[in-house]
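Survey of secondary and tertiary structure
Spelled out, the chains give:
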Amino acid sequence: MHSSLPPSPDAVLDSLRDLVSPNLLDKDPSTVHIRSGALFARLKALNRLANAATKTHKQSTADARHEMDQTHLELQNLLYEKRHLEREIDKCRQFASIYQDIPVYSVEEFVQLAPLEARSEDVMSNEHQLMLNRLSFELVERQRLDQRVKELTQQKEEMLKESKAKLATMDSVKIQIDTLVKTAAEIRKKVDELVPTTASPVGTPSQT
């Protein structure tokens, strides 16, 4: 969860401006000095908060980018596997209408991959039953591949959604960082403008 932005320094700056107002020339210098010191301390604290928040949000951005890169890599791997399976399915589907021409697992592959009951000694000694079992095994394998492709497609869609969500989060964090950097720069500029003015003894008339 991202930290909130630090409070605005405008109220503190307005109070500092009031201290250098001609209306306060008759005020006790020590009172004005104490008040200005407290206001400057508050302004420095706000500046530290802005810098700390900027650092935190930068780290959040780096973490979000790393997660998005990991998700993208996993998505690419899934897409590669999906394309491979689709090519295998296309090969399986491109077969002639005559069953002998159907590209199926070879006998050696069938013996290695098929369940034991589908390749018993009786089956292996019966050419017709062996072909039936090979075709049945081929059908089961193609259905399994089809199911795997569906699962990969669903995973791809979920990861795309997750990637979009992380990208949106990173964009939001970047906007907050830009706002923090701008706020810190404005505070620094205003401090630099005020410090020379308040450096002279309070109550001393300015020279024209």
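Rules behind the numbers
Residues numbered from 1 in each chain as written. Predicted model: local features only at pLDDT ≥ 70, side-chain atom pairs only at ≥ 80, totals over all residues. Heavy atoms only, no water. UniProt positions renumbered as here; feature names shortened; annotations may be inferred. Helix = DSSP H or I, 4+ residues; strand = E, 2+ residues; numbered from the N terminus. Buried < 20%, exposed > 50% of the residue type's maximum accessible area, 1.4 Å probe, protein only. Areas by Shrake-Rupley, 256 points an atom, 1.4 Å probe, with all protein chains shown as cover. Patch = residues over 30% accessible without salt bridge, like charges linked within 9 Å, V, L, I, M, F, W, Y side chains within 5 Å. Salt bridge = Lys/Arg side-chain N within 4 Å of Asp/Glu carboxyl O. Core = buried A, V, L, I, M, F, W, Y, C linked by side-chain atoms within 4.5 Å. 1 Å grid on protein atoms, 1.4 Å probe; cavity = no way out; pocket = protein on both sides within 12 Å on 5 of 7 lines; lining within 4 Å. Points joined across faces, edges and corners; volume = space filled by probe spheres on them.

The name given to the protein in an unreviewed UniProt entry is Fms interacting protein, with Bondarzewia mesenterica as the source organism. The protein has a UniProt comment under Subcellular location (unreviewed entry) that states "Nucleus". On record in UniProt, under Sequence similarities (unreviewed entry), the comment for the protein is "Belongs to the THOC5 family."

Along the backbone of the protein there are five helices and zero strands. Seen in sequence order, the protein has helices and strands lined up from the N terminus as α-α-α-α-α. By residue count, 27% of the 208 residues in the protein fall in the buried class. Roughly 14500 Å² of accessible area belongs to the protein as shown, and the carbon and sulfur atoms make up 54% of that amount.

Together, V107, V111 and M124 line one region of the surface with nonpolar side chains, adding up to about 180 Å² of accessible area. Looking at the element boundaries, V111 is found in helix α3 (residues 107-113). Here V111 falls in the partly exposed class, since its relative accessible area comes to 33%.

Membership of the largest hydrophobic core is limited to nine residues, which are L75, L78, L79, L85, I89, L145, V149, L152 and M159. Every element with two or more residues in this core is listed here: α2 (29-93) and α5 (127-199). Among the elements that take part in this core, α2 stands out by supplying five residues, more than any other. Membership of the second largest hydrophobic core comes to eight residues, among which are F40, L46, I187 and L194.

On the UniProt side, "coiled-coil region" (unreviewed entry) is annotated at positions that read residues 135-169 here. Taken end to end, residues 135-169 is 100% helix and 0% strand, and its two terminal C-alpha atoms sit 51 Å from one another.

This brings us to the layout of surface pockets. Summary: where empty space remains is shown by rolling a probe the size of a single water molecule over the atoms. Reported here for the second largest pocket is a volume of approximately 150 Å³. What lines the second largest pocket is simply E88, K91, C92, P103, V104, Y105, E138, E141, R144 and L145. Among the secondary structure elements, those contributing two or more residues to the lining of the second largest pocket are α2 and α5. Counting residues per element, the lining of the second largest pocket draws most heavily on α5, at four residues.

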